[in-house]
Amino acid sequence: MAGSIVKSSSLYAAGTIARAASSIIMLPIYTRYLSPEIYGTAELLNLVLDLTILVLGARITTGMFKFYSDAKAKKSKNTVLSTCLWLGLSVNALAITVLWLIAPTLSSLLSSPEMSKPLQWFAFTLAFGTMAEIGMGYFRVNDQAGRYLGFSLLKLALQIGASLYFIVHLELGLWGIIYASLFSGGIQTLLLLAFVLPKIGIKYSPPLAMQLIKYSLPIIYGSIAMYYMTFGDRYFIQHYNGLAEVGIYALGYKFGFMLTALVWSPFMSYWGARQFDHAKEPNSSTTFSDTFYTANYVLWAIATGMVIFLAPIIHLMADSAYYKAIDIAPFIILAYLFQCWTEYHRFGILESGNTKYLNYYTWVAAIVISVLYVLLIPLWGGVGAAIATATTMFIRFLLVYKKSQQYFTFSTNWLKVSLLIGLSVAGLQAAKIAHDGSIMDFAYSVAIYCAIIMLSAAVRCLPSSISTIIRSYLMPNKAV
């Protein structure tokens, strides 16, 4: 079963990576053509935007996949998608209006009045995001990986082309980022609507909308706290260290986003839409156990590669003003590893409908991280913020894991998982000792990484399903 799941989820990997790849591909451009101050300002714009839409309930469609799975007839399933679309657009229209009106005040509170106009125009990307979420969700629940990939590649090409034109050619700086986002998001949205809307119709079910709201509200409240845990450190860093430190921290943080974009999001593109169906199958607990260990091993392998190759990559692509990000990124990568664990193990809470616990535990974590921000950021700046993030993400995982197992129990070999983390730490320390700032750093990193992977096999941490997965690709017409 694990081999089949990973094979199915990999069909979406290219598309999901393509959707996130523009920010990764553009990193060398941002860190060469934008100063840390401008990059930090762009980061703050995104933060204000995200907070506004969370407060106004823009994640009201969180329960889309659960209600789609519960619906029996195709017509009812399409009604779920259509209702989510119109509900999400309505909420986002409100968010855009509010943000347009309060942008001057927010900018003044951040001591950056020049952010007002950019923030107002950047707000229109909210509507594009909602329509893209529903449109791409339609492809996922209908296993249309080819179309998912096609639209993802289109968005990638539009985003990169527009960024090169507005940022590099016209040298518009901050406004170049905004124009590129509006252009690429607008074109993709129009095409998605033209394709998906005739399929799902324009139905709107008020009772279903109320069910979605009731199911999603605790998650929304928790998402506000999660936002604070993810982005609140930028406000503290700006206060204690300035915008340049925010820009450096944002670069280090990108590696955590890369981990989820390259590994976890492709996996969850399949699993997130299908986990409720798999839970209804015989031996579901075994399926959940095997699937997590296999997915986590792949996640660990990529995360370990990131921390080992971190220094030579940043030295190659970024200006020396950004080099401090090398010390920040490992803690952020670890934090996102814990976040991925939480996302997988929260299933019992989601299935039971007791989403209020996700809200409770995230707010507890928000309180913990606030204390750590105050203690660590004045001392160590971005590094202190990264340590606070990793610590709190782990605490939140423990709380969610314990409660979720009460509703849907499956086992995980945490001894082997801990051994893998230990190997990653050893690899990072070896890389720090070996790296000397020369071009040979890449060769040293390759040798260290290969040694860590071989050690993981030697201590028997390889998932048993790896051979099954390989056979499923080499012999697709045979049962495995």
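Fair warning: this is a prediction, and the values are worked out from it, not measured in the lab.

Conventions used here
- Residues numbered from 1 in each chain as written.
- Predicted model: local features only at pLDDT ≥ 70, side-chain atom pairs only at ≥ 80, totals over all residues.
- Heavy atoms only, no water.
- Helix = DSSP H or I, 4+ residues; strand = E, 2+ residues; numbered from the N terminus.
- Buried < 20%, exposed > 50% of the residue type's maximum accessible area, 1.4 Å probe, protein only.
- Patch = residues over 30% accessible without salt bridge, like charges linked within 9 Å, V, L, I, M, F, W, Y side chains within 5 Å.
- Areas by Shrake-Rupley, 256 points an atom, 1.4 Å probe, with all protein chains shown as cover.
- Salt bridge = Lys/Arg side-chain N within 4 Å of Asp/Glu carboxyl O.
- Phe/Tyr/Trp six-rings, centres within 6.5 Å; stacked < 30°, edge-to-face > 60°.
- Lys NZ or Arg CZ within 6 Å of the ring centre and 35° of its normal.
- Axes fitted to C-alpha atoms, helices over the stretch in contact; angles between N-to-C directions.
- Parallel < 35°, antiparallel > 145°, perpendicular 65-115°, else oblique.
- Left-handed = near helix turned anticlockwise from the far one by under 90°.
- Nonpolar A, V, L, I, M, F, W, Y, C, P; charged D, E, K, R; others polar.

Engineer: Explain unusual backbone geometry to me, and be specific about the residues and the numbers.
Structural biologist: The backbone of Asn283 sits at a positive phi, close to 60 degrees, despite the residue not being glycine. Mapped onto the fold, Asn283 is located in the loop between α12 (243–278) and α13 (284–317). A relative accessible area of 60% places Asn283 in the exposed class. Of note in this structure, Arg460 is not a glycine but carries a positive phi near 60 degrees.

Engineer: Can you tell me about a nonpolar patch on the surface, naming the residues and giving the values?
Structural biologist: Nonpolar side chains collect at one region of the surface, where Tyr165, Leu170, Leu172 and Tyr179 lie side by side and expose about 350 Å² of accessible area between them. Within the fold, Tyr165 resides in helix α9 (residues 145–169).

Engineer: Tell me about the packing of aromatic side chains, and please be specific about residues and values.
Structural biologist: Enumeration over the complete set of coordinates arrives at 36 aromatic pairs. Judged by centre distance (5.2 Å) and plane angle (85 degrees), the ring pair of Phe347 and Phe408 falls under edge-to-face. Here Phe408 lies in the loop between α16 (356–407) and α17 (414–434) and Phe347 lies in helix α15 (residues 347–352), a separation of 61 residues in the sequence. What makes Phe347 buried here is its relative accessible area of 1%. With a relative accessible area of 13%, Phe408 lands in the buried category. Here Arg234 stacks its cationic end above the ring of Tyr253, 4.1 Å away from the centre of that ring. Here Lys403 stacks its cationic end above the ring of Tyr357, 4.5 Å away from the centre of that ring.

Engineer: Explain the packing of α12 against helix α14 (residues 325–345) to me, and be specific about the residues and the numbers.
Structural biologist: The description of two helices packed together rests on the angle between their axes and the distance between the axes. With their axes 8 Å apart at the nearest point, α12 and α14 run at an angle of 25 degrees to one another. Taken together, α12 and α14 sit at an angle that is classed as roughly parallel. Relative to α14, α12 is oriented so that their crossing is right-handed. Taken together, the residues that form the contact of α12 with α14 break down as 20 nonpolar, 3 polar and 1 charged.

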